[in-house]
Amino acid sequence: MSEIVRRDPRKEWIARNRLHPEHLDVLAELGEGAAPSEWPGPNGRIRRDPHAVGFTGPNGIKRIDRSGVQQGAGRSSAGDRGDGQPARQRVEIESPAFLVAVVPDLAGGRLSSHDRDLLGLARRLADADPQAPGAVVAIVFGEARESGFAEAGVDRLVTLDEPRLAGYAPEARIAALSAIEESLSPRHWLLPDSALGGGELGRRLAARLGERPAAGLWQIEPDAGSALGWHATCRGAAGSLDIRRDLPRVALALAECAEPVSETVHAARPLAPPALPEAFSRVEDLGAVAVDPASVALGEAEFILAAGNGIRDWEGYHRAATALGATEGASRVAVDDGFMPRDRQVGATGTWVTARVYVAVGISGAIQHLQGIQRCDKVVAVNVDPGCDMIKRADLAVIGDSAAILEALVTRVEQARQEDGGKRDAA
Amino acid sequence: MPHETTKNAAGALDVAVLVSVGRHPVTGRTRRADQDARAVEAALTLNKAHVRLIHAGRHETDSETALRGYLGMGFEGLTLIEQTRDADVLPALTSTLREAPPRLLLCGTRAETGEGSGLLPYLLAESLGWPIVTGLAEIERIEPEHVTLLQALPRGQRRRLRVRLPAVITVDEAAPAPRQSAFGPARRGRLVVSEQVSRPDAALAGWTLEPARPRPKRLKVVKAASARDRFKAAAAKAEGGGGQVLTDATPEQGAEAIVKLLQDEGVLRRLL
């Protein structure tokens, strides 16, 4: 069945107008009359069933909507996908006039917000001329866990999944990108100007291609006078200068350089990668180094185990932090009481943390503390009070005695570690 | 007293550090650039290395004050390749480094003045044909043909790399902080001026440079099909509230749920 809902304004108007002579017929026709609330009785009297009026609301309470939305436009309004988001327009670009190559960072295998902004910028470049639209090619190293390339505005997807491109292999990656430059010859190369990843790869690519890139780009404007038809504004001199220049072929863009794609969905059709040349690598990746979590600065720690007023067994807490490999944090009360050093305080007066996982043990969640953990992705709360604010903020909350739960956590993790070690020995 | 490493002993590793004139972010005064000073510090902490400093740029009063800041870290001299204001320093630097190639070339990631695109180390590496590694945290070991180093990753993580020499290594804020610049050695040190032809940077001359204006803040635009959805989005509280709450669970069940979340998020992977 077609997803397009045809509306009949006249029938909707009749459905809203309960005094209209055709009201009941129209209601039945629009699917609302399965159990009509009013009907003429055998003696010509109007009978009505008050229970058939209205509908059951989301909280289980019966609601009567007289605005006409429920009756006229049906239960789901036209173009609604059910989650409140308008449906996206599907765009297929069969024969693109040119290509815009984007190399997203894909931190953790997923598109970051920086990557999405960059793809939005690529769409602006590609869709500038509706008569001759370009296509956005995303070049992805390794297997991506991202499934939303189509929604992010990718027309073609090149996946370079070879073992020698894994890890830190900038020279092999540049050789691969040079091969793509030869086979596809895109008009634009766009990379995120991030510390590691796009910023480094883009500069290497520009040096290899002999282009002078626009680094720190944050704005583009159409400009018929320049070679590629665009004018770029870039940050220079440690962010103290704006450089206005013609947009070159290679651009390294900052976050929020453009709005991410929100109204269209694209094909994201896989494209066969070209044959990659053998690259002689002079940089050998010896792997990640185990870092003492206690030495990691609190502001950039990935995994924080934070302690608050509810902790009685501090030995057990430190043991748990060591066993989990977590960076230690604390609430203000724990610091004021002298159990933790001041540089470990999380919150408005301490450090604003950016951890991916924040485990709050015995912290009730004062507003100053919740401000400090605003940018954490996942929050786990362990507390005895089921009504505290930290439980409302948490993605997972365990109600119970913190000492017992930390003890069980240590046991469980050590058990998992032994199982893992056993598997590794067997392998 | 000059640092031990500056004495040119036989068999010592020849390390060159490219230094630039920095700009204080608040006062705007010239100073030694922070990342370049960290690069000098990383070179000075090497065992058995002969470290020399190279700067390409103008020879003026304010830039000399900044360059003497590097000399105050324990150097007797600094090679100053004199260039005009509008010059592209890349050809001069390349030819200087070709004449006396060091085994290791250290520099900051981005300059604090000028274009500041951070491209120069890559162009140097490309033209010299050397490998380049960014984000140095620590140099661990130097062998005759290789250097083993730690590279700083986001979130305080480190990665060990083995790079073939000669190589270009860039330094950013993850490297150890530089030592103070002492006033006496800074005054006594010499700026050895070397003459090189200045090639004007034609592309830069065509650009407009202006003080950075603040970037517009991104507005939160709610796209919804109906007014009711827009109102709900506008009136929604910031907190999610969709979390899972385990009440009346044994500590073991609670620990199991927490470990599962930690494993899903991948933060337990470096346990061993």
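Computed from a prediction, not measured in an experiment: that's the story for all the values here.

K.L.:
Could you clarify how one ought to interpret the overall build of chain A in this entry?
P.N.:
Regarding its fold elements, chain A presents 12 helices and 21 strands. In terms of overall size, chain A is more extended than a compact globule, its C-alpha atoms giving a radius of gyration of 30 Å where 427 residues would be expected to give roughly 22 Å. Taken along its principal axes, the extent of the C-alpha atoms in chain A is 95 × 70 × 50 Å. Taking all 427 residues of chain A together, the buried fraction comes to 46%. Per element, the accessible surface of chain A, about 21,100 Å² overall, is 50% carbon and sulfur.

K.L.:
Is there a simple way to explain the overall build of chain B in this structure?
P.N.:
Helix and strand counts for chain B stand at 8 helices and 16 strands. Its C-alpha radius of gyration of 25 Å places chain B more than 25% over the 19 Å reference for a compact globule of 272 residues. Each principal axis of the C-alpha atoms in chain B carries an extent, and together these give about 75 × 50 × 40 Å. Residue burial in chain B is summarised as follows: out of 272 residues, 44% are buried. Residue pairs at least 24 apart in sequence account for 71% of intrachain contacts in chain B once pairs closer than 6 positions are excluded. Here chain B displays about 14,200 Å² of accessible surface, and carbon together with sulfur accounts for 52% of that area. The distance from the centre of the 39 positive side-chain charges to the centre of the 32 negative ones in chain B is 4 Å.

K.L.:
Would you mind going over the sheet that holds strand β10 (residues 146-152) of chain B with me for this structure?
P.N.:
Hydrogen bonds between backbone groups are what pair the strands of a sheet, and the pairing can be parallel or antiparallel. Spatial ordering of the open sheet is given by β16(A)-β11(B)-β10(B)-β9(B), a layout of 4 strands whose pairing is antiparallel. A single partner strand is all that each edge strand has here, and the edge strands are β16 (283-289) of chain A together with β9 (136-142) of chain B. Strand-to-strand twist in this sheet, taken as the mean axis angle between neighbours without regard to direction, amounts to 25°.

K.L.:
Before we go on, may I ask you to explain the confidence of the model for chain A in this structure?
P.N.:
Predicted coordinates in areas of low pLDDT are best not read in detail. A residue-level look at chain A finds 91% of positions with pLDDT of 70 or above and a mean pLDDT of 84. In this model, residues 71-82 of chain A is a region of pLDDT below 50 whose contacts with residues beyond four sequence positions or in other chains number 24 contacts.

K.L.:
Looking at this model, I keep getting lost on the domain arrangement of chain A. Mind explaining?
P.N.:
It is common to report an interface's size as the accessible area lost on association of the parts. Splitting chain A by domain gives domain 1 (9-72), domain 2 (90-271) and domain 3 (293-422). Using C-alpha coordinates to define each centre, domain 1 of chain A is positioned 54 Å away from domain 2 of chain A.

K.L.:
Can you help me understand the sheet that holds strand β1 (residues 13-18) of chain B in this one?
P.N.:
All names here are of chain B. What the 7 strands build is an open sheet, ordered β8-β12-β7-β1-β4-β5-β13; its pairing is parallel. The sheet terminates laterally at β8 (132-133) and β13 (190-195), the two strands that pair on one side only. Examined bridge by bridge, β1 and strand β4 (residues 49-57) share 6 bridges and lie parallel to one another. Pairing of Asp 14 across the sheet is with His 50, part of β4.

K.L.:
Is there a simple way to think about the nonpolar core in this case?
P.N.:
Side chains of a nonpolar character, in soluble globular proteins, are inclined to be buried together. Counting 41 residues, the largest nonpolar core has Val 15, Val 17, Val 40, Tyr 70, Leu 104 and Leu 106 of chain B as its most contacted members. Sorting elements by how many residues they give to this core places helix α1 (residues 34-44) of chain B first, with 6 residues. Excluding its chain neighbours within four sequence positions, the residues that come into contact with Tyr 70 of chain B are Val 19, Ser 20, Arg 32, Ala 33, Asp 36, Ala 37, Val 40, Leu 53 and Phe 75 of chain B. With 36 residues, the next largest nonpolar core counts Trp 314 of chain A together with Ala 255, Leu 261 and Leu 268 of chain B among its residues.

K.L.:
Please explain the side chain of Arg 203 of chain A as it appears in this structure.
P.N.:
Position of Arg 203 of chain A among the secondary structure elements: in helix α7 (residues 198-209). A polar contact of 3.0 Å, which involves the side chain of Arg 203 of chain A, links it to the backbone oxygen of Gly 199 of chain A.

K.L.:
For this particular structure, what's the right way to read the side chain of Arg 32 of chain B?
P.N.:
Residues and elements named next belong to chain B. Its place among the elements puts Arg 32 in strand β3 (residues 30-32). Notably, Arg 32 is buried but unbridged: the nearest opposite-charge side chain belongs to Glu 41, and the N-O separation is 6.7 Å. There is a polar contact of 3.0 Å between the side chain of Arg 32 and the backbone oxygen of Arg 179. Apart from the residues lying within four places of it in its own chain, the contact partners of Arg 32 are Gly 22, Ala 37, Ala 66, Gly 69, Tyr 70, Met 73, Pro 178, Arg 179, Gln 180 and Ser 181.

K.L.:
I keep staring at the interface of chain A and chain B and nothing clicks. Help me out?
P.N.:
Taken residue by residue, the interface counts 84 residues in chain A and 81 residues in chain B. In this assembly, chain A packs against chain B so that about 7,300 Å² is buried in total across both faces, 57% of it on carbon and sulfur atoms. Here chain A and chain B share 11 salt bridges between them. We note a salt bridge from Arg 213 of chain B to Asp 242 of chain A, for which the minimum N-O separation is 3.9 Å. Of the residues forming the side of chain A that touches chain B, the biggest block, 10 residues, is contributed by helix α12 (residues 402-426) of chain A. Broken down by class, the residue content of the side of chain A that touches chain B amounts to 45 nonpolar, 10 polar and 29 charged. Bridging between strand β12 (residues 241-246) of chain A and strand β15 (residues 208-211) of chain B involves 4 bridges; their strand directions are antiparallel. Residue Leu 241 of chain A lies in a different strand from β15 of chain B, and its bridge partner there is Pro 211 of chain B.

K.L.:
Is there a simple way to think about unusual backbone geometry in this case?
P.N.:
Excluding glycine, residues mostly have negative phi values, and the peptide bonds linking residues are mostly trans. Put simply, Leu 165 of chain B and Pro 166 of chain B share a cis peptide bond, and its omega is -5°. As for its position among the elements, Pro 166 of chain B is in the loop between β11 (158-164) and β12 (167-171). Non-glycine residue Ala 237 of chain A carries a positive phi angle of around 50°. Along the chain, Ala 237 of chain A falls in the loop between β11 (230-236) and β12. The class of Ala 237 of chain A is buried, set by a relative accessible area of 4%. A positive phi angle, close to 55°, is found at Asp 248 of chain B, a residue other than glycine.

K.L.:
Would you mind going over the pattern of salt bridges with me for this structure?
P.N.:
Oppositely charged side chains are able to pair whenever their charged atoms sit close together. Counted by the stated rule, this structure contains 40 salt bridges over all chains. Of the charged contacts, one joins Glu 221 of chain A and Arg 244 of chain A as a salt bridge, the two residues approaching to 3.9 Å between their closest N and O atoms. On the criterion of sequence distance, the pair formed by Glu 221 of chain A in strand β10 (residues 214-222) and Arg 244 of chain A in strand β12 is long-range, its members being 23 residues apart. You can call Glu 221 of chain A partly exposed: its relative accessible area is 27%. For Arg 244 of chain A, a relative accessible area of 21% corresponds to the partly exposed category. When the shortest N-O distance is used, the salt bridge between Arg 31 of chain B and Glu 112 of chain B registers 3.1 Å. A residue pair is termed long-range when its members are at least 10 positions apart, and Arg 31 of chain B in strand β3 and Glu 112 of chain B in the loop between β7 (104-108) and α4 (120-128) qualify at 81 residues. According to the relative accessible area criterion, Arg 31 of chain B is partly exposed, its value standing at 26%. Several salt bridges share partner residues, and in doing so they unite Arg 212 and Arg 245 of chain A together with Glu 115 and Asp 201 of chain B into one network.

Cut-offs used in this document
Residues numbered from 1 in each chain as written. Chains lettered and ligands numbered in written order. Predicted model: local features only at pLDDT ≥ 70, side-chain atom pairs only at ≥ 80, totals over all residues. Heavy atoms only, no water. Helix = DSSP H or I, 4+ residues; strand = E, 2+ residues; numbered from the N terminus. Rg over C-alpha atoms; globule rule 2.2 N^0.38 Å. Buried < 20%, exposed > 50% of the residue type's maximum accessible area, 1.4 Å probe, protein only. Areas by Shrake-Rupley, 256 points an atom, 1.4 Å probe, with all protein chains shown as cover. Contact = heavy atoms within 4.5 Å. Lys, Arg positive; Asp, Glu negative; His and termini not counted. Charge placed at Lys NZ, Arg CZ, Asp CG, Glu CD. Pairing = 2+ DSSP bridges. Axes fitted to C-alpha atoms, helices over the stretch in contact; angles between N-to-C directions. pLDDT = per-residue confidence, 0-100. Domains from an automatic or database assignment. Core = buried A, V, L, I, M, F, W, Y, C linked by side-chain atoms within 4.5 Å. Polar contact = N/O pair within 3.5 Å; in protein donor to acceptor, adjacent residues only side chain to side chain. Salt bridge = Lys/Arg side-chain N within 4 Å of Asp/Glu carboxyl O. Buried area = accessible area lost by both parts, 1.4 Å probe. Nonpolar A, V, L, I, M, F, W, Y, C, P; charged D, E, K, R; others polar.

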